[in-house]
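# Commentary on secondary and tertiary structure
Residue-level listing of the chains:
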Number of protein chains: 4
Amino acid sequence: MSQFASIGLITKPDASQVIDTLRTVHQHLLEQGIQVYLEERNAELVKNAQSLSREQMGQRCDLAIVIGGDGTLLGAARSLAEYDIPIVGINLGNLGFLVDVPASDHLSHLDQILAGAYIEESRFLLQACVKRSEETFCQGLAMNDVVVHIKNVVRMVEFETYINGQFVNRQRADGLIVSTPSGSTAYALSGGGPILHPSLECITLLPICPHTLSSRPIVVAADSLVEICISEMRFESTHVVYDGQEGCDLQPDDRIVIQKSPYPVRLLHPKDYDYYHILREKLNWG
Amino acid sequence: MSQFASIGLITKPDASQVIDTLRTVHQHLLEQGIQVYLEERNAELVKNAQSLSREQMGQRCDLAIVIGGDGTLLGAARSLAEYDIPIVGINLGNLGFLVDVPASDHLSHLDQILAGAYIEESRFLLQACVKRSEETFCQGLAMNDVVVHIKNVVRMVEFETYINGQFVNRQRADGLIVSTPSGSTAYALSGGGPILHPSLECITLLPICPHTLSSRPIVVAADSLVEICISEMRFESTHVVYDGQEGCDLQPDDRIVIQKSPYPVRLLHPKDYDYYHILREKLNWG
Amino acid sequence: MSQFASIGLITKPDASQVIDTLRTVHQHLLEQGIQVYLEERNAELVKNAQSLSREQMGQRCDLAIVIGGDGTLLGAARSLAEYDIPIVGINLGNLGFLVDVPASDHLSHLDQILAGAYIEESRFLLQACVKRSEETFCQGLAMNDVVVHIKNVVRMVEFETYINGQFVNRQRADGLIVSTPSGSTAYALSGGGPILHPSLECITLLPICPHTLSSRPIVVAADSLVEICISEMRFESTHVVYDGQEGCDLQPDDRIVIQKSPYPVRLLHPKDYDYYHILREKLNWG
Amino acid sequence: MSQFASIGLITKPDASQVIDTLRTVHQHLLEQGIQVYLEERNAELVKNAQSLSREQMGQRCDLAIVIGGDGTLLGAARSLAEYDIPIVGINLGNLGFLVDVPASDHLSHLDQILAGAYIEESRFLLQACVKRSEETFCQGLAMNDVVVHIKNVVRMVEFETYINGQFVNRQRADGLIVSTPSGSTAYALSGGGPILHPSLECITLLPICPHTLSSRPIVVAADSLVEICISEMRFESTHVVYDGQEGCDLQPDDRIVIQKSPYPVRLLHPKDYDYYHILREKLNWG
């Protein structure tokens, strides 16, 4: 008997690779008397399927099942964040840090989760916005990272960082990654950042290719107010990006303000979830 | 009027460089009607001074003033940890991360602190011990780090790490640094670790010269139980060291068990304490 | 008596900061009976000055004196490369790796160099071009580095590297720096590359933020044929840039072909030139 | 018909794992009319085998075949260096950077090499010695690296480095690795050094856990005279080690002098030798 009466199914934008899994899961849930909804853009993929917008899912469903990669789950988490709905991710053959229900045998894993046999984990998001003169704009959420980055290798950006109003430093670099623990195994890891256990209430600030050779990643409390002030750049060649997806171009004197979102993500994992096992697999620590 | 009726003065082992400062501070405190104690080993240095053992200081004094470098304060913190006595550090010209009352003008800084104008900060310690067969031995405290390290470059040590009983990985390396946020700007920084803000309840695990190139520092919650199991090494060439001071040699199958000490260190800073300023100074971020 | 009968003076594009130095040097050389030429764009800055194009300088002058920063000298070196003309650089107060005649006291340093008291050093350049289908285009020279880089943090580029026709690896990264020894203390140093002594006939290949954590910089012989084949990228978001100045956008299946230029740069240094001294100064190894 | 009339067989010290391969190779060579010699310590392992000392092998044999790992070949290379004898390595199942004839199918690979179908490669060695007061002692050869290293994590060593008599820097660190290109994929790689193509005439100087955060590996010409002067250390806690094998303890004011050995090693590889393939395999670049 499912703990979840109403479930939304979310897939990656290009749903062609996931149609089979989507149909199987959809049919499997229906057979258990669960109300199942697809996203509107996928409504055509499954006969007689009911569909909802992402926001309606957040309001009406008890669970969201993501079928795809970590990127798809990141998107779902951002859009559902304020609805307090748990999310579980089914991967398509490549184990993810977030989508950890294995493609093989996903129905039996799902059944256990529906029956209440799961591990629930809370992950925080970052909310960011850009302040220009008096205006606030370009707001966004990030589960992994907020990244300030040059758009052109020719130009370096110079910026000052403040934590809770305290001046940290002024740097010239290719950019700065502000990462959650979830993001510590994503882009920040490629940039030389440490791995932060997902349970930590911490944020990493990591300069990319910093001009000052004694620069190091700094880890601060998740409830810190992080401000990045663009002091100098040429030709409006810098942008800010949330989870590698959306963002906007920056101008000198822009201030990017980043803090923990009040809405955490509720991730459900299979009972045998083992974070360090995933680390070993993904990082080739065999 | 001093908030502290009774104060212990602690210096570095080789007190010859600090005699002048020691005498000045001693005299200055006496003049304010404070009871002042030197360590027994320093009793001779100041005429008619009263002296106590480190432990007696912990029991009887309201404040410990350390005159020296960060290493001297680390030692004081370990030995006074269980007595809940606040500590303030006067440096001898070189700004330290911990001894931050400047050599120049230390008396006026001290007066402010004695008058209650200070910032109090709590730093946690690690307690570690080695388990061999059924026995526990080689216990110790560390404010900065517990380091497992080869004693001879010819030999690599192979060990397994467990967090809260969960297997993390098996590594061949020159060693492993288990560091507090205080230690993140000490040895761990030379080894490539991130800077952790001192307020964080986190521990960094940092392999030294790891054989597996995808190894990265891992940051976990400070209340984690960290276990390092020596799986293989040659010729008993590995040791464990606490704060770079004491420790013992290890044998294969030894298990080093590390957790947060229940006794935090209470550090007092001048009112204008600015952690990021110290970072910028010490790391040449000018 | 000057060894150089005819000298060209080259400044940074914004010559306003260098006018005084330019006039002083110009006058000083004239007084020694030397034929002195400014660049055409600077002809107005000095009364009755003779001017030449950069190319004419290469053909007619015996020496080029650069007044500015390392970037200005890089540009001069590229444009004069094929003319076998020695170059000396006067900095404007900030010691450079290339412009090492100090601003203070530059006339007496110059006099020594004119009298033949100098150290001559040869630095090689890279020549690069992009091959698209059958066509070759976007050719360029680089004294420091040829950089393939994403233009947008959202996109990673995937590319294959070949050395002398041998497959090295396939990488996903933010980019790749192909650097000369001269460039090893420039952008490549920020990206984590090693310092290569300027005398070495070597090239460093350095991935930027590589997805594969065991990626490392690779140093190969300077006479290697380096090919970078863009295998995958989204939205034409990658470009190639020579010395951080010029370049072009790339497309999938583009092949960037890089090899040592046949025309070396002849750098003249004062007699007391000390490469390691410059390293210590610039990298804060005090 | 073998190009090599007389061949020496060299194994790892603990020959028990290689007996089968040793006997097979020995018999196979005898059958081709080749004179085959074992090392004296292995003479008992093969019936009626002829044996020679390592030095006699160098004098009398036309080829040395090493059966074991890279460490065994390093040892053979050092001891045979001055005899100008080519070396080929058969691994025992784990591909090595140096022992690259695969365990499986080694006889057919050997036959091709004996018939002249091989790639010959020259690798240089380092020769090092310690100068104390007027005396020279503790001389040694290294194919991979000369390492100065603390023997106790408690102590850091402080040393000055000179290249061709020029002062490079003064560092506090856990040690310094002076590595050949061969060694660049060994200990130096774990320490954060670049990969140097084996054909390069270069040496890497790599500090281990340096106190100065802007320290970087430096690559210099192989014909440089490298001197490391121990300026300060406590309790004679530092040693120098050649290829991780032999060496000696150091004292303050000791000077370690390192330069390229006049005797290169001649390595033979199978015709399909592909350095980058080995890199990809060993570093998990799949």
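Preceding block: the structure.
Calculation notes
Counting restarts for each chain, with residues numbered from 1 along the sequence as it is written. Just so you know, chain letters begin at A and ligand numbers begin at 1, following the order they were written in. In keeping with the predicted nature of the model, local features appear solely for residues at pLDDT of at least 70, side-chain atom pairs appear and are counted solely at 80 or more, and the whole-chain, interface and lining totals rest on all residues. Calculated side-chain values reflect all of the structure's heavy atoms, with hydrogen atoms and water omitted. Numbering of helices and strands starts at the N terminus; helices are DSSP runs of H or I of at least 4 residues and strands are runs of E of at least 2. Restricting the calculation to C-alpha atoms gives the radius of gyration, and the globule rule supplies 2.2 Å times the number of residues raised to the power 0.38. Partly exposed residues are those whose accessible area sits between 20% and 50% of the maximum for their type, while under 20% is buried and over 50% is exposed, using a 1.4 Å probe and protein chains only. Two residues form a contact once any of their heavy atoms are found within 4.5 Å. Exposure was quantified through the Shrake-Rupley algorithm and a 1.4 Å probe, taking into account, for residues, occlusion by the shown protein chains and nothing else. Charge assignment in this entry is limited to Lys and Arg as positive and Asp and Glu as negative, and neither His nor the chain termini are counted. Charged side chains are reduced to one point each, which is NZ for Lys, CZ for Arg, CG for Asp and CD for Glu. A 3.5 Å cut-off defines polar contacts: any pair of N or O atoms within that distance qualifies, except that in protein one atom must be a possible hydrogen donor and the other a possible acceptor, and neighbouring residues in sequence count only when both atoms are side-chain atoms. Any two of the Phe, Tyr and Trp rings considered here, Trp counted by its six-membered ring, make a pair once their centres fall within 6.5 Å; the pair's planes then place it as stacked at under 30 degrees, edge-to-face at over 60, or tilted in between. Note on geometry: a ring has a charge over it if NZ (lysine) or CZ (arginine) is within 6 Å of the ring centre and within 35 degrees of the ring normal. A 1.4 Å probe defines the accessible area here, and the buried area is the portion of it lost by two parts on being joined, summed over both. Each residue gets one of three labels, nonpolar for Ala, Val, Leu, Ile, Met, Phe, Trp, Tyr, Cys and Pro, charged for Asp, Glu, Lys and Arg, and polar for the others, Gly among them. Only strands that DSSP links by at least two bridges are regarded as paired with each other. Axis angles are defined between N-to-C directions and span 0 to 180 degrees, where every axis is a line fitted to C-alpha atoms and, for a helix, only to the segment in contact. The disulfide criterion is simple: two cysteine sulfur atoms within 2.5 Å.

### Regarding the overall build of chain A
Helix and strand counts for chain A stand at six helices and 20 strands. In summary, chain A has a C-alpha radius of gyration of 20 Å against a globular reference of 19 Å for 286 residues, a match within 12%. Principal-axis analysis of the C-alpha atoms places the extent of chain A at approximately 60 × 45 × 30 Å. Relative to its 286 residues, chain A shows a buried fraction of 61%. In chain A, the proportion of contacts linking residues at least 24 apart, taken out of those at least 6 apart, comes to 67%. Entry remark: accessible area of chain A is about 11,100 Å², with carbon and sulfur atoms responsible for 43%. Seen as two clouds, the 22 positive and the 35 negative side-chain charges of chain A have centres 4 Å apart.

### So, helix α6 (residues 275-282) of chain C
Those residues of α6 of chain C lying buried are Y275, Y276, I278, L279 and R280 of chain C. In this structure, the buried residues of α6 of chain C make contact with β13 (195-196) of chain C together with β10 (157-163), β11 (166-173) and β15 (218-221) of chain D. Its side-chain oxygen 3.1 Å from the backbone nitrogen of Y276 of chain C, D274 of chain C forms the N-cap of α6 of chain C. Phi for N284 of chain C, located one or two positions after α6 of chain C, is positive at around 60 degrees.

### Concerning the packing of aromatic side chains
The way to describe two aromatic rings as a pair is by their centre distance and the angle between their planes. Following the criterion strictly, the structure yields twelve aromatic pairs over all chains and no others. Seen from their ring centres, F4 of chain A and Y118 of chain A are 6.1 Å apart, and the 40 degrees between their planes marks the pair as tilted. Of the two residues, F4 of chain A is situated in the segment before β1 (6-11) and Y118 of chain A in strand β6 (residues 118-123); the sequence distance between them amounts to 114 residues. For the pair formed by F4 of chain A and Y118 of chain A, the shared burial category is buried. On the basis of an interplanar angle of 65 degrees and a centroid distance of 5.5 Å, the ring pair of Y275 of chain C and Y276 of chain C is categorised as edge-to-face. Accessibility assignment for this pair places Y275 of chain C and Y276 of chain C in one class, buried. Lying over the aromatic face of F124 of chain D, K260 of chain D brings its terminal NZ or CZ to 5.8 Å of the ring centre.

### Some remarks on the interface of chain C and chain A
Interface size, as often reported, equals the accessible area lost upon joining of the parts. Contact residues are listed per partner, giving 23 residues for chain C and 23 residues for chain A. The contact between chain C and chain A buries some 1,700 Å² in all, and 69% of this surface belongs to carbon and sulfur atoms. In terms of surface lost to chain A, no three residues of chain C exceed V153, S190 and L213 of chain C, which account for 31% of the buried area on that side. Scanning the region where chain C abuts chain A turns up four residue pairs in polar contact (both at pLDDT 80 or more). Secondary-structure elements contributing two or more residues to the side of chain C that touches chain A are β9 (145-150), α5 (187-190) and β17 (238-242) of chain C. Split by residue class, the side of chain C that touches chain A holds 13 nonpolar, eight polar and two charged.

### Considering the pairing of strand β16 (residues 226-232) of chain B
Residues and elements named next belong to chain B. The element β16 is largely enclosed, with a buried count of five among its seven residues. Here strand β10 (residues 157-163) pairs with β16 via six bridges, running antiparallel. Across the sheet, F159 pairs through a bridge with I230, a residue of β16. Alignment of β16 against strand β19 (residues 255-260), held across four bridges, turns out to be antiparallel. Following the sheet pairing, C229 is matched in β19 by R255.

### Points about the sheet that holds strand β3 (residues 50-52) of chain C
Residue and element names in this part refer to chain C. Taken in spatial order, the seven strands line up as β3-β2-β1-β4-β5-β20-β6 in an open sheet, and their pairing is mixed. Only two strands of the sheet have a single partner each, and these edge strands are β3 and β6 (118-123). Ignoring strand direction, the axes of neighbouring strands in this sheet form an average angle of 35 degrees. With three bridges connecting them, strand β2 (residues 35-39) and β3 associate as parallel partners. Paired with Y37 across the strands is Q50, a residue of β3.

### A look at unusual backbone geometry
A positive phi angle, near 75 degrees, is found at D253 of chain B, a position not held by glycine. Checked against the element boundaries, D253 of chain B lands in the loop between β18 (246-249) and β19.

### Digging into the side chain of T185 of chain A
Residue and element names in this part refer to chain A. Mapped onto the elements of the fold, T185 is located in the loop between β12 (175-179) and α5 (187-190). A distance of 3.5 Å separates a polar side-chain atom of T185 from the backbone oxygen of S182. Setting aside chain neighbours within four positions, we find T185 in contact with F97, I195, Y275 and L279.

### Concerning the state of the cysteines
Residue and element names in this part refer to chain B. Scanning all chains against the criterion turns up three disulfides over all chains. Put simply, C138 and C248 are joined by a disulfide, and their sulfur atoms are 2.5 Å apart. What sets the handedness of the C138 and C248 disulfide is the S-S torsion sign, and at about -115 degrees it is left-handed. Pair noted here: C138 is in strand β8 (residues 135-142) and C248 is in strand β18, with a separation of 110 residues, a long-range link. C248 carries the same exposure label as C138, and that label is buried.

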